[in-house]
Amino acid sequence: MEAQDEVSAREQHFHSQVREFTICLLLFAALYAVSYVVITRYRRKSDEHEDEEAIVNRISLLLSTFTLAVSAGAVLLLPFSIVSNEILLSFPHSYYIQWLNGSLIHGLWNLASLFSNLCLFVLMPFAFFFLESEGFAGLKKGLRARVLETLVMLLLLALLILGMVWVASALVDRDAASMESLYDLWEFYLPYLYSCISLTGCLLLLLCTPVGLSRMFTVMGQLLVKPAILEDLDEQIYIVTLEEEALQRRLNGLSPSAERGAAEWERELENAKALKTKLERRKKASAWERNLVYPAVMVLLLIVTSVSVLLVACNTLRLLVDETAMPKGTRGPGIGNASLSAFGFVGAALEIILIFYLMVSSVVGFYSLRFFGDFIPKKDDTTMTKIIGNCVSLLVLSSALPVMSRTLGITRFDLLGDFGRVNWLGNFYIVLSYNLLFAIVTTLCLVRKFTSAVREELLKALGLRKLHLPAARRDAETARLSANGHQKAL
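Residues numbered from 1 in each chain as written. Predicted model: local features only at pLDDT ≥ 70, side-chain atom pairs only at ≥ 80, totals over all residues. Heavy atoms only, no water.

A. Representation of the overall build of the chain. Broken down by element type, the chain carries 15 helices and 0 strands. For the chain, the proportion of its 490 residues judged to be buried stands at 41%. Of all intrachain contacts in the chain linking residues separated by at least 6 positions in sequence, the fraction that spans at least 24 positions is 79%. Total accessible area on the chain stands at roughly 27,900 Å², and carbon and sulfur atoms take up 65% of it. (Helix = DSSP H or I, 4+ residues; strand = E, 2+ residues; numbered from the N terminus. Buried < 20%, exposed > 50% of the residue type's maximum accessible area, 1.4 Å probe, protein only. Contact = heavy atoms within 4.5 Å. Areas by Shrake-Rupley, 256 points an atom, 1.4 Å probe, with all protein chains shown as cover.)

What follows is the structure, given as structure tokens:
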């Protein structure tokens, strides 16, 4: 009887493992397909050759697609876990959701952590070095020579990172035992390295997210149709049409030797055509779209941003009085045992919305920064090197998103797997400083955003227009390309 029970338990464990593996494979296949479509949409078509470069580009494309799929999985990891917890609470004994259990959730977290490290330290460096390699001098050119050079570069990179992490550990913690523990590659060195990468990603999110939260209003204003208040769109379209015709006549009358002037006129002509298209779209838009959708979206963005800052402020106060608010504090009741929000499923839905909103804002803020402005991909005109850079950047941001969400108190879901083993999450001063900096920087960015128009008019009235900040200058140029700004300029 005991033997039959043991066999039954082993069979049940085997079927459970097969089911979890199948679910993970299907989820990753879906993410991989979507990632492949996205990358092929932006990849430069001229990179498609029929020689050795074609194979190299194809391998780099597959590795980049794998990395982007892992990034998407890391973004969906925390929302999927929150939804799973609420579903298990609502239907604890349902036959149709037996596949959704704590073992599956833990497995997904472990796979996300494993694949993130694999892509960040192995696959993406290999793709970059393989793409840029030519083979060592004196060896026969070909794929083998390029693979050999790539492997040597990876080995040197691994030694460099090992030395840098060991030196950082010696500077931060001078205990001999802690430095000797780094020789244990799997148990100590890799978690310590991932902790450093996680801290870097969270600092990058701390820089990008406040900028993105303020930039979201401008981005949505460009995507939506603004209300036409005291504007004559027909007159503006007529003026832009005249300017377009004048620019076209100037281009036709230029001599072939005036290449610099021709490039400038062509750029102005493209801007005029883009402005005309935007004005025609505003004219064709319905009254509901102009007068209801735009204000509703702006108010919704303001509410979501305010709620995010308010939650961070409340979490900062909670850190001062309750040690369980620490991301690496006491463990919760477990998956499917208790709701993580006082408002139940509604609170969980709000947490998911905030997590996605923070991720989108961080990406917008990342591409809005000057240093990363050249990383913006262009449709059908993005080189594989730039695609690799974008995939690495998105991987760092997405891998740090669960850690940032738990650190800021956006959600109370405990970090699982290696995400919960990050060393600095147990440091009270680092976590408190992170919350304070996020709240302060986000508030300052929002205040600066909503007072930029008033500040610009004051500087104009005082004759100090040349003292504008770079961000204010970019906002002024954006406004100049809009309908009102263009009419005023003319």
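B. Summary view of the side chain of arginine 146. Considering the arrangement of structural elements, one finds arginine 146 in helix H4 (residues 143-172). Here phenylalanine 130 takes part through its backbone oxygen, which lies 3.2 Å from a polar atom of the side chain of arginine 146. Among residues more than four places away in sequence, those in contact with arginine 146 are Glu52, Glu53, Val56, Phe130, Leu131, Ser133, Glu134 and Gly135. (Polar contact = N/O pair within 3.5 Å; in protein donor to acceptor, adjacent residues only side chain to side chain.)

C. Local environment of the environment of valine 441. Position of valine 441 relative to the elements: it lies in helix H12 (residues 428-450). Sequence separation between valine 441 and threonine 209 is 232 residues; the distance between their C-alpha atoms is 9.5 Å.

D. Just the nonpolar core, in detail. Grouped together as the largest cluster of nonpolar side chains are 86 residues, with contacts concentrated most on Trp109, Leu301, Phe413 and Phe419. Per-element tally for this core: the top contributor is helix H3 (residues 102-132), with 14 residues. With residues up to four places along the chain from it excluded, the contact list for tryptophan 109 reads Leu77, Leu78, Ser81, Pro402, Phe413, Leu415, Leu416 and Phe419. Formed by 5 residues, the second largest nonpolar core is a distinct cluster that contains Leu319, Met326, Val431 and Leu432. (Core = buried A, V, L, I, M, F, W, Y, C linked by side-chain atoms within 4.5 Å.)

E. Quick look at the packing of aromatic side chains. Per the stated rule, a full pass over the model turns up 10 aromatic pairs. With 6.2 Å between their ring centres and 40 degrees between their planes, phenylalanine 28 and tyrosine 32 make a pair best called tilted. Of this pair, phenylalanine 28 and tyrosine 32 are both found in helix H1 (residues 2-42), 4 residues apart, which corresponds to roughly one turn of the helix. Judged by relative accessible area, which is 21%, phenylalanine 28 ranks as partly exposed. (Phe/Tyr/Trp six-rings, centres within 6.5 Å; stacked < 30°, edge-to-face > 60°.)

F. Local environment of H12. The end-to-end C-alpha distance of H12, which contains 23 residues, comes to 33 Å, matching closely the 33 Å that a straight helix rising 1.5 Å per residue would cover. Every buried residue of H12 is listed here: Val431, Leu432, Tyr434, Asn435, Phe438, Ala439, Thr442, Cys445 and Leu446. (Expected span 1.5 Å × (residues − 1).)

G. Representation of the confidence of the model for the chain. Mean pLDDT for the chain: 76, with 74% of residues reaching 70 or above. Across residues 465-490 the pLDDT falls below 50, and counting only partners more than four positions away or on other chains, this stretch makes 36 contacts in the model. (pLDDT = per-residue confidence, 0-100.)

H. Expanded view of the packing of helix H2 (residues 52-90) against H3. Running from amino to carboxyl end, H2 crosses H3 at an angle of 155 degrees, the nearest separation of the two axes being 9 Å. In terms of orientation, H2 lies roughly antiparallel with respect to H3. The two elements H2 and H3 meet at a crossing, and its hand is left-handed. Of the residues in the contact of H2 with H3, the class split is 20 nonpolar, 7 polar and no charged. (Axes fitted to C-alpha atoms, helices over the stretch in contact; angles between N-to-C directions. Parallel < 35°, antiparallel > 145°, perpendicular 65-115°, else oblique. Left-handed = near helix turned anticlockwise from the far one by under 90°. Nonpolar A, V, L, I, M, F, W, Y, C, P; charged D, E, K, R; others polar.)

I. The packing of H2 against helix H11 (residues 384-407), seen in detail. Between H2 and H11, the shortest axis-to-axis distance is 9 Å and the interhelical angle comes to 20 degrees. Accordingly, the angle class assigned to the pair H2 and H11 is roughly parallel. Crossing of H2 over H11 shows left-handed handedness. Touching Asn57, Ser60, Leu61, Ser64, Thr67, Leu68, Val70, Ser71, Ala74, Val75 and Leu78 of H2 are Met384, Ile387, Ile388, Cys391, Leu394, Leu395, Ser398, Ser399, Leu401, Pro402 and Ser405, all from H11. Its residues assigned to classes, the contact of H2 with H11 comprises 14 nonpolar, 8 polar and no charged.

J. Structural view of H2. The end-to-end C-alpha distance of H2, which contains 39 residues, comes to 56 Å, matching closely the 57 Å that a straight helix rising 1.5 Å per residue would cover. Maximal helix bending in H2 amounts to about 35 degrees, located at leucine 76; proline proline 79 follows within four positions. (Bend = angle between axes of the 7 residues up to and from the residue.)

K. Spatial organisation of a nonpolar patch on the surface. A surface patch of nonpolar side chains, about 670 Å² in accessible area, is lined by Phe136, Leu148, Val152, Met153, Leu155, Leu156, Leu159 and Leu162. Within the element layout of this structure, phenylalanine 136 appears in the loop between H3 and H4. Classification of phenylalanine 136 as partly exposed rests on a relative accessible area of 34%. (Patch = residues over 30% accessible without salt bridge, like charges linked within 9 Å, V, L, I, M, F, W, Y side chains within 5 Å. Salt bridge = Lys/Arg side-chain N within 4 Å of Asp/Glu carboxyl O.)

L. Molecular detail of the state of the cysteines. A full pass over the atoms with the stated rule returns 0 disulfides. Counting only cysteine sulfurs, cysteine 119 is the nearest neighbor of cysteine 391, a cysteine outside any disulfide, at a range of 9.3 Å. (Disulfide = S-S within 2.5 Å.)

M. Here's a closer look at the environment of isoleucine 388. Tracing the backbone through its elements, the reader meets isoleucine 388 in helix H11. Take isoleucine 388: its relative accessible area is 4%, and that puts it in the buried class. Distance from isoleucine 388 to threonine 67, taken between C-alpha atoms, is 8.9 Å for residues 321 residues apart in sequence. The residues contacting isoleucine 388, other than those within four sequence positions of it, are Ser64, Met124, Ala127, Phe128 and Leu131.

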